[in-house]
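Here is how the chains run, residue by residue.
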Amino acid sequence: MNLHITHDIHTHNVFSACCSDRAASTKAYLEKEAALGMTVFGLSNHLWDERVPGASYWYKNQTILKAEEAKNAFRDAPAGLSVLFGAETEYYACKDILGMSPEGASHFDYLLIPHSHLHMRNEVMADFPEILEARAAVRKKLAETFPDFPEKNLDAMAATLKEADLLKIFPDLAPDIKAYTNAANVDTFRSLLANPTLEVLAKQLPVSIAHSFSPCGVPHAMKNDYLRAISDDDARECYEKAATMGIYIELNVGAITEVSFDFSDNRLIELYRIAKDAGCRFTFGTDSHSVDGLALISHADGIAAVLGLTKDDIAPFMQCAVC
Ligand SMILES: [Zn+2]
Ligand SMILES: [Zn+2]
């Protein structure tokens, strides 16, 4: 019998800097989830624990203290809807820093931890060599043109040029972006699983890897093509380790449907089948950044069906929200 998924524990509202729906209050989310017939709602705004040094400018104001303001509306949750306070924190693979301490994690019911925010260059994924080369050439030219400028200003000016701009200025460089992205996609997953803080957190509270292997920053029309180059063996190795550590794998409805609504031609679905075979258990989330986006959960049952999930394949703390 097919499962009916009634939880969504990956959601962002106005407390996340990337949420552009100004109507996305906690109260509006609770009402929408009740209207959709959900039984468990988890709020998981982006955040970086203020106890952990190294937050980028983007994360600096997305702290636990700020995120907790969103909890004030939890007391108004409609009857029949359980509410969990979670977070989507961050893993900076370039520096092997997890943006959540065990003390910070004590504020939450569960954590979502991504490894594939690959668009966060030099935090999650390093600049590729051709970009370093291009930036160095720009830096040299700036130094020749402005010999009186302080070194730090020249560095800052060279750093501001975006990757796409540099590739237009130096078209002959032609890096194999797909190969670099896929290598980073696997390496960041491996290094997250080896991070000592993750091991501690996984014993402390439910932890689910958010949108594993979904390469953020890659245009959606190219994602299936990129993902086909991720090997089954690499995926199996990562998922077997996650299963051994008791870490759950998220079935991110937003990420999966971004690759393709046709689940028979969707490499993420194939990768998550490997996760299932490796013994992983799953959580569901839409990754919605708007009130309307919560309705995407309607595709969760189809994902569960195509993967052949049973209740035992769901993370124990979410089995109450599956029927
Ligand atoms: Zn994410
Ligand atoms: Zn998210």
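Conventions we followed
Residues numbered from 1 in each chain as written. Chains lettered and ligands numbered in written order. Predicted model: local features only at pLDDT ≥ 70, side-chain atom pairs only at ≥ 80, totals over all residues. Helix = DSSP H or I, 4+ residues; strand = E, 2+ residues; numbered from the N terminus. Rg over C-alpha atoms; globule rule 2.2 N^0.38 Å. Contact = placed C-beta atoms within 7 Å. Domains from an automatic or database assignment. Buried ≥ 20, exposed ≤ 12 C-beta atoms within 10 Å, placed from the backbone. Pairing = 2+ DSSP bridges. Arc of directions from axis to C-beta. Axes fitted to C-alpha atoms, helices over the stretch in contact; angles between N-to-C directions. Parallel < 35°, antiparallel > 145°, perpendicular 65-115°, else oblique. Left-handed = near helix turned anticlockwise from the far one by under 90°. Nonpolar A, V, L, I, M, F, W, Y, C, P; charged D, E, K, R; others polar.

### Topic: the overall build of the protein
Logical step 1: Scanning the protein from N- to C-terminus turns up 14 helices and nine strands.
Logical step 2: Relative to the 2.2 N^0.38 estimate, which gives 20 Å for 323 residues, the radius of gyration of the protein is 21 Å and therefore close to what a compact globule would have.
Logical step 3: The C-alpha extent of the protein, read off along each of the three principal axes, is 70 × 40 × 35 Å.
Logical step 4: The contacts of the protein with a sequence gap of at least 6 include a subset with a gap of at least 24, amounting to 81%.

### Considerations on the domain arrangement of the protein
Logical step 1: Looking at the protein, the domain boundaries give domain 1 (7–121 + 176–321) and domain 2 (129–174).
Logical step 2: The straight-line distance from the C-alpha centre of domain 1 to that of domain 2 is 35 Å.

### Focus: the pairing of strand β7 (residues 207–210)
Working note: regular strand, side chains alternate between the two faces of the sheet.
Logical step 1: The side-chain alternation of β7 yields two buried faces, one formed by Val207 and Ile209 and the other by Ser208 and Ala210.
Logical step 2: For strand β6 (residues 110–114) and β7, the ladder comprises four bridges, and the chain directions are parallel. Each residue of the ladder has a partner; that of Pro114, found in β7, is Ala210.
Logical step 3: Relative to strand β8 (residues 248–252), β7 runs parallel, the two sharing two bridges. Bridge assignment links Ser208 to a residue of β8, and that residue is Tyr248.

### Regarding helix α1 (residues 26–35)
Logical step 1: Among the residues of α1, Thr26, Tyr29, Leu30, Lys32 and Glu33 are the ones counted as buried. Down the axis of α1, the sector holding all buried residues measures 165 degrees, keeping them to one side.
Logical step 2: The inward-facing, buried residues of α1 abut β1 (7–8), β2 (40–43) and β3 (82–88).
Logical step 3: Once α1 ends, the next one or two residues include Gly37, with phi positive near 80 degrees.

### Here we look at the sheet that holds strand β9 (residues 282–285)
To summarise the sheet geometry, strands pair through backbone hydrogen bonds and adopt either a parallel or an antiparallel arrangement.
Logical step 1: Strand order in the open sheet formed by seven strands is β1-β2-β3-β6-β7-β8-β9, and the pairing between neighbours is parallel. In this open sheet, the two edge strands, each paired with only one partner strand, are β1 and β9.
Logical step 2: The pairing of β8 with β9 spans four bridges and is classified as parallel. Residue pairing for β9: Glu250 is matched across the bridge by Thr283.
Logical step 3: Along the sheet, α1 makes contact with β1, β2 and β3, crossing β2 at roughly 155 degrees.

### Section: the packing of helix α11 (residues 232–244) against helix α13 (residues 267–277)
Logical step 1: It is at 9 Å that the axes of α11 and α13 come closest, and there the two elements cross at 45 degrees. Judged by the angle between their axes, α11 and α13 are oblique. When you trace α11 past α13, the crossing you get is right-handed. Facing Asp232, Ala235, Arg236 and Tyr239 of α11, the residues of α13 in contact are Leu271, Ile274 and Ala275.
Logical step 2: Tallied by class, the residues present in the contact of α11 with α13 amount to five nonpolar, no polar and two charged.

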